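Structural overview for review
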Amino acid sequence: MTISYNWLHSYLPETIEPERLSKILTSIGLEVESLEKYESIKGGLQGLIIGEVIECNQHPNADKLKLTKVNIGDTEPLQIVCGAPNVATGQKVVVATIGTTIYPLNAEPITMKIAKIRSVESYGMICAEDEIGLSSNHAGIIILPNNVVIGTNAADYFKPYTDYIYEIGLTPNRMDAMSHLGVAKDVCAYLSHHNKKEEKPKLPFDNSFKADEQTLNIKVSVEAVDACPRFSGVTVSNITVKESPQWLKNKLTAIGIRCINNVVDITNFILHETGQPLHAYDAEAIADHHIIVKKLPEGTTFTTLDDKERKLNAFDLMICNGNEEPMCIGGVFGGLKSGVTNTTKNIFLESACFNATNIRKTSVAHGLRTDAATKFEKGVDIANCVNVLKRAALLIKEITGGTISSDVVDLYPSPKEKTQVALKYHYLKKLSGKNYHPDTAKRILLALGFEIVKESIDELTITVPYSKPDISLPADIVEEIIRIDGLDNIDIPTSITISPSVETLNTKEALREKIANYLTGLGFNEIFTNSITNSKYYTEEVLNTTVKMMNNLSEELNVMRPSILETGLETIAYNINRKNNNLKFFEFGKTYSTTIAGKYTEKEHLALYLTGNNHEDEWKEKSNTNDLYTAKGIAAAVLQLNGITEVQFLQQENTLQITNGKKELGWLKEISKNQLNNFGIKQPVFFIDIDFETLLNTVSKQKIVYKEVTKFPAVERDLAIVIDKAVTYDAVQSIIKKQKLNKLQSTRLFDVFESNKLGASKKSMAINFTFLDEEKTLTDKEIDAMMNKLIDSFTKELNVEIRK
């Protein structure tokens, strides 16, 4: 939120230096994020002097230059070379002397130095308007009236507006501070508490309001009372719409508001002064002199001020004329045909209170994030609608020359009762950590506008001002007292006593922790990526079941991710672009989808990403490049870590499906080059996606079984077989499992060899077999029998040849 120092000071009882005010604001919870000096003319015309041209002759060496002498009030006139076509003797001009810095529009600042122009020295510059930032005019030098005193500072003559601008990081609950007057009330409460005397803001409201005549009465009907609990208005006639006075333009421009005309500028001024949005209607657009506040049927079309036709929702609150034609989206945006124009003569001025939830829904649905909508979303002071309306009407009357042509119309059928909160003093001490005297607490609350209803030895019952709708609990009252006392004044205890609680992780968290620790030990880094991503990553088919954002923060973040892969690739691309090429990432994250019936589902995943080398080169060992087999081994290891030893990898096109019996646990693959090109990645990436929910269910059903470590030795045998190149190791393992050899503990493929000597379509696999009997030592005869059984099955089913 933007606050003007000068504007704020017009409501304060005493002058406070900008830096001290910044500290006060931060101390009371209105954190100042930045404090910058504002100048309507950059540089503030500092160093520029009014002078008089006393001589003007042709430059001896240039046809288009003049050699002038300018009197600026010093003893010696300045010799200045000037190229302006309109320079002449006797003119009063603006002079930039040596050492002065000027700030031209759309150009870099220039500091004046003695310059030699066509062999003639020049001791300054006679300025045009664009050269000192007054305007974009470069037709010639500035020529001032003859009565201007020579030697006058240009800043004193032009009087550029200067100010200090605060950017305040306002929390959403502080609607009471979303205006200059609201901030002034907080500052005065702070001063009252710390100066030990009552300090009140200078309120702009007075009791001089009255109707000048009764020539333009507008009837108002509110049908949607739930969406508009209060609606007030008044008419002003015979106005002249024109440019705003300079003081008004200065205030608005300083806080970044574009000036439009005097009527619109006054409504913007009141908005930032009081926090109450207003809207002005051209009275000629109000058919039958009747305003109806209602909701129109779904799909009704309405053209807004930005000349866009919009289809209304059934929940949109509309301000309509007597013909029930919409003129404005209540509290959000005006209509094209009812706004104030340069030809408007009579207006109806609206000051209302709209339901915050209703405004938020409409604002989001139409993508209209206006200042008015923002204020109404947070809540406005329902009790102040009429006071603000009268203040605005008097300003419009004064500035536009109009007359107030009706009494105030105020529809407030169900006046809101003030919220009551009871605060116990021991609770105040407990929550704040500070022992406040009851009188101190009462003074702070009274300075903030609270009213004391009832008081006892240990409790205070108060009513909350309408300007603070967020306050409803004793903790809220404690916060208000602490704020005004100063957040920096909270005592820091010398010791903190806590009772740590040790909780056993549930099965899900324990499994995540176990896997994370294991992967970290393998050199992986955990990442957390955004669940909201860019729809451009996905095909139309995928987007049909994707959850789309209704109020996306940006054009790039517009869907909930249907796949976890793409957000991980963003992270990989980010690292590779910064020369971090060897990456191993893992992430526990969710994906989201929907159905045509509108049912939403989310699924949890364990995702692993590998790219580059599996480790850095070392003096004793060179690194290896991560590949599909590395990914397959890691996937199997993660599952075996959790007791899932029976794992199959089934080839399906370019993907390996990971299964445990009939259960599908996930998949892994090498990412295609086309997909990598979308992220600017030029090195292979391998991706493992494990269904974490299925993994959790599988692990939860397993029983942990302990058995004694055998005292008998295991026996290993190696076997080399020659088979067709098309036969996979999975096919070999499948045959081994069919033999149901209970004493076969494990198998391991340790070599694959291809050579023309074996045959054009042949390859050799070398397999290690480990046998173990837990009750006795195996004999050669027993081992040979098992090996022969394996060889026979290989020969019969795969037509292998045994290498000897």
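Everything that follows concerns the structure shown earlier in this document.
Residues numbered from 1 in each chain as written. Predicted model: local features only at pLDDT ≥ 70, side-chain atom pairs only at ≥ 80, totals over all residues. Heavy atoms only, no water.

Attention shifts here to the pattern of salt bridges. The full count for this structure, using the stated rule, is 38 salt bridges. One salt bridge in this structure joins Asp 773 and Lys 743, with 3.1 Å as the shortest N-O distance. Of this pair, Asp 773 sits in the loop between strand S39 (762–771) and helix H20 (780–798) while Lys 743 sits in the loop between helix H19 (729–738) and strand S38 (744–753); the two residues are 30 residues apart in sequence, bridging distant segments of the chain. For Lys 743, a relative accessible area of 30% translates into the label partly exposed. Through salt bridges that share partners, Arg 174, Asp 176, Asp 186, Lys 468, Glu 480 and Arg 483 make up one connected network. (Salt bridge = Lys/Arg side-chain N within 4 Å of Asp/Glu carboxyl O. Helix = DSSP H or I, 4+ residues; strand = E, 2+ residues; numbered from the N terminus. Buried < 20%, exposed > 50% of the residue type's maximum accessible area, 1.4 Å probe, protein only.)

Read across the sheet, seven strands follow the order S28-S31-S32-S36-S35-S34-S33 without closing on themselves; strand pairing throughout is mixed. This sheet does not close on itself; its edge strands, each paired only once, are strand S28 (525–526) and strand S33 (648–652). Judged from the twelve bridges that link them, strand S31 (residues 583–594) and strand S32 (residues 600–611) form a sheet pairing that is antiparallel. The residue of S32 that forms the bridge with Glu 587 is Ala 607. Across the sheet, helix H13 (residues 507–521) is in contact with S31 and S32; its angle to S31 comes to roughly 145°. Contacting S31, S32 and strand S36 (685–691), helix H15 (residues 565–576) runs over the sheet at an angle of about 150° to S31. (Pairing = 2+ DSSP bridges. Contact = heavy atoms within 4.5 Å. Axes fitted to C-alpha atoms, helices over the stretch in contact; angles between N-to-C directions.)

Let us now look at the packing of aromatic side chains. Under the definition given, this model contains 14 aromatic pairs. Seen from their ring centres, Phe 769 and Phe 771 are 6.5 Å apart, and the 20° between their planes marks the pair as stacked. Since its relative accessible area comes to 0%, Phe 769 is described here as buried. Classification of Phe 771 as buried rests on a relative accessible area of 0%. Looking at Arg 578, its charged tip hangs above the ring of Tyr 574, at a distance of 3.7 Å from the centre. (Phe/Tyr/Trp six-rings, centres within 6.5 Å; stacked < 30°, edge-to-face > 60°. Lys NZ or Arg CZ within 6 Å of the ring centre and 35° of its normal.)

Okay, the packing of helix H11 (residues 438–447) against helix H12 (residues 474–485) next. Packing of H11 against H12 brings their axes to within 10 Å, and their N-to-C directions diverge by 90°. Here H11 lies roughly perpendicular to H12, going by the angle between them. For the pair H11 and H12, the contacting residues are Ala 441, Ile 444 and Leu 445 in the first and Ile 477, Glu 480, Ile 481, Ile 484 and Asp 485 in the second. In terms of residue class, the contact of H11 with H12 is made up of six nonpolar, no polar and two charged. (Parallel < 35°, antiparallel > 145°, perpendicular 65-115°, else oblique. Nonpolar A, V, L, I, M, F, W, Y, C, P; charged D, E, K, R; others polar.)

Our focus in this paragraph is the layout of surface pockets. What the largest pocket holds in volume is close to 1,400 Å³. Forming the walls of the largest pocket are 37 residues, and the residues nearest its centre are Lys 632, Val 647, Tyr 729, Asp 730 and Gln 733. Looking at the lining of the largest pocket, the elements that each hand over two or more residues are helix H16 (628–641), S33, strand S35 (663–670), H19, S38 and S39. A breakdown of the residues in the lining of the largest pocket according to their chemical character gives 16 nonpolar, 13 polar and eight charged. Approximately 940 Å³ is the volume attributed to the second largest pocket. In this structure, the second largest pocket is lined by 44 residues; those nearest its centre are Lys 185, Ala 447, Leu 448, Gly 449 and Ser 467. Of all the secondary-structure elements, those providing two or more residues to the lining of the second largest pocket are helix H4 (180–195), helix H6 (262–274), helix H9 (385–400) and H11. Ranked by residue count, the leading element in the lining of the second largest pocket is H4, at eight residues. For the lining of the second largest pocket, the class distribution of residues is 16 nonpolar, 13 polar and 15 charged. (1 Å grid on protein atoms, 1.4 Å probe; cavity = no way out; pocket = protein on both sides within 12 Å on 5 of 7 lines; lining within 4 Å. Points joined across faces, edges and corners; volume = space filled by probe spheres on them.)

Look at H6 against H9: their axes get within 10 Å of each other, and the N-to-C directions meet at 145°. The chirality of how H6 crosses H9 is right-handed. Here Asn 262, Val 263, Ile 266, Phe 269, Ile 270, Glu 273 and Thr 274 of H6 lie close against H9, whose contacting residues are Val 388, Arg 391, Ala 392, Leu 395, Ile 396, Ile 399 and Thr 400. Taken together, the residues that form the contact of H6 with H9 break down as nine nonpolar, three polar and two charged. (Left-handed = near helix turned anticlockwise from the far one by under 90°.)

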